[in-house]
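Next come the chains, spelled out residue by residue.
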Amino acid sequence: MDEELKALLKHLRLGGLLAHWDEWLAEAGRGRFSHERLLKHVFQAEYRVKSEHARLLRRKRANIPELLEIETFPFDRQPKLDRKRVMSLYDRFDYVTKKQNIAWLGPTGCGKSGLATGFLLQAIDRGYRGYFIGFPQLLAELYAALADHSEAKVLRKYRSYDCLVIDEVGYVEIEAAQVGLFFTLMQMRHKTKTTLITSNLGFSEWGSFLKNPQLTSALLDRLTASGHTINMKNCRSLRVKLDEGGESDAA
């Protein structure tokens, strides 16, 4: 391959063709490919390369702290979790196609974030834009936007994700202005996008930290009206604990 053609392929970002140029020419020379079949083969290969690159880029941009695939979740260590229901929701994938929400409610360490991450990764791998953010970080970003009057921009940002994980809802105190912004975001995403939420509090306890009965009721209505709730309150912690002797023991 001459340098001019190499530069042209790089400019067009045809990395697959550049990498396999000699191989595919040799195959064509042996009569394996007709002109039509060779072109089709090249385009299909380029599509696969670009699709994989885009998938990995979506994963990188999703801000996921740990890439926990659903296949690695230790269901055998969580016998009180309804595995059949969880995997049915996952396999149907209509939580994304039908713009449904899912809330995982249960104690710290029982695997809520891991499950939400697995669902998010599936959406990303199927071509959707996703993002993972902790509830405290989301509140801080929304609240800070009030100072420079950029809240509309921040709300549009989080509205745009096809699948958004909001992790650890209820772990922090929340101001009235933050409640309003959070409700506005959920209202904007209602029936248009998928929101995956984890919380260590049951829905009946949300009023205690949101401190606004009307907005709390409206928020829960939007979360549950077209969504699913996975109750994990009786599930055990999966985290490693330290006994009195200082040795680790997996719960």
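Further up the page is the structure itself.
The rules we used
Residues numbered from 1 in each chain as written. Predicted model: local features only at pLDDT ≥ 70, side-chain atom pairs only at ≥ 80, totals over all residues. Heavy atoms only, no water. Helix = DSSP H or I, 4+ residues; strand = E, 2+ residues; numbered from the N terminus. Rg over C-alpha atoms; globule rule 2.2 N^0.38 Å. Buried < 20%, exposed > 50% of the residue type's maximum accessible area, 1.4 Å probe, protein only. Contact = heavy atoms within 4.5 Å. Areas by Shrake-Rupley, 256 points an atom, 1.4 Å probe, with all protein chains shown as cover. Lys, Arg positive; Asp, Glu negative; His and termini not counted. Charge placed at Lys NZ, Arg CZ, Asp CG, Glu CD. Core = buried A, V, L, I, M, F, W, Y, C linked by side-chain atoms within 4.5 Å. Salt bridge = Lys/Arg side-chain N within 4 Å of Asp/Glu carboxyl O. Expected span 1.5 Å × (residues − 1).

*Asks:* Can you explain the overall build of the protein? Please cite residues and give values.
*Replies:* The helix and strand tally for the protein stands at 11 helices and seven strands. Here the C-alpha radius of gyration of the protein, 23 Å, is well above what a compact globule of 251 residues would show, namely 18 Å. If one aligns the C-alpha atoms of the protein with their principal axes, the spans along those axes are about 75 × 50 × 35 Å. Going through the 251 residues of the protein one by one, you find that 43% of them count as buried. Considering only contacts in the protein between residues 6 or more positions apart, those separated by 24 or more positions represent 77%. Element-wise, carbon and sulfur atoms account for 52% of the exposed surface of the protein, whose accessible area totals about 14,300 Å². Seen as two clouds, the 38 positive and the 31 negative side-chain charges of the protein have centres 6 Å apart.

*Asks:* Describe the environment of I197, naming the residues involved and giving the relevant values.
*Replies:* As for its placement among the helices and strands, I197 is situated in strand β4 (residues 194-199). Take I197: its relative accessible area is 0%, and that puts it in the buried class. Here the alpha-carbon distance between I197 and N101, two residues 96 residues apart in the chain, equals 7.9 Å.

*Asks:* Lay out unusual backbone geometry with the relevant residues and their values.
*Replies:* One non-glycine residue, F93, lies in the positive phi region at around 65°. Examined against the element boundaries, F93 turns out to sit in the loop between α4 (83-92) and α5 (94-97). Take F93: its relative accessible area is 3%, and that puts it in the buried class. Its identity is not glycine, yet H149 carries a phi of approximately 60°, on the positive side. Of note, H149 is situated in the loop between α7 (135-147) and α8 (151-160).

*Asks:* Describe the nonpolar core, with residues and values.
*Replies:* Y158, I166 and W206 are the most contacted members of the largest nonpolar core, which totals 34 residues. Counting only elements with at least two residues in this core, the list comes to β1 (101-105), β2 (130-134), α7, α8, β3 (163-169), α9 (176-189), α10 (206-210) and α11 (213-225). With seven residues, the top contributor of residues to this core is α9. Setting aside chain neighbours within four positions, we find Y158 in contact with Y131, I133, L138, E141, L164, L185 and R189.

*Asks:* Can you explain the side chain of D167? Please cite residues and give values.
*Replies:* Its place among the elements puts D167 in strand β3. Although D167 lies buried, it forms no salt bridge, and the closest oppositely charged side chain, K112, sits 6.8 Å away as judged by the N-O distance. Sequence-distant contacts of D167, that is, excluding residues within four places in its chain, are made with S113, F132, I133, G134, F135, P136 and T198.

*Asks:* Account for α11, naming residues and giving values.
*Replies:* Relative to the 18 Å expected for 13 residues at 1.5 Å per residue, α11 spans 18 Å between its end C-alpha atoms, a close match to the ideal helical length. What α11 keeps buried is the set T216, A218, L219, L220 and L223. Considering only its buried residues, α11 is in contact with β1, α9, β4, α10 and β5 (227-231).

Function cannot be inferred from these measures alone, as they are strictly geometric.
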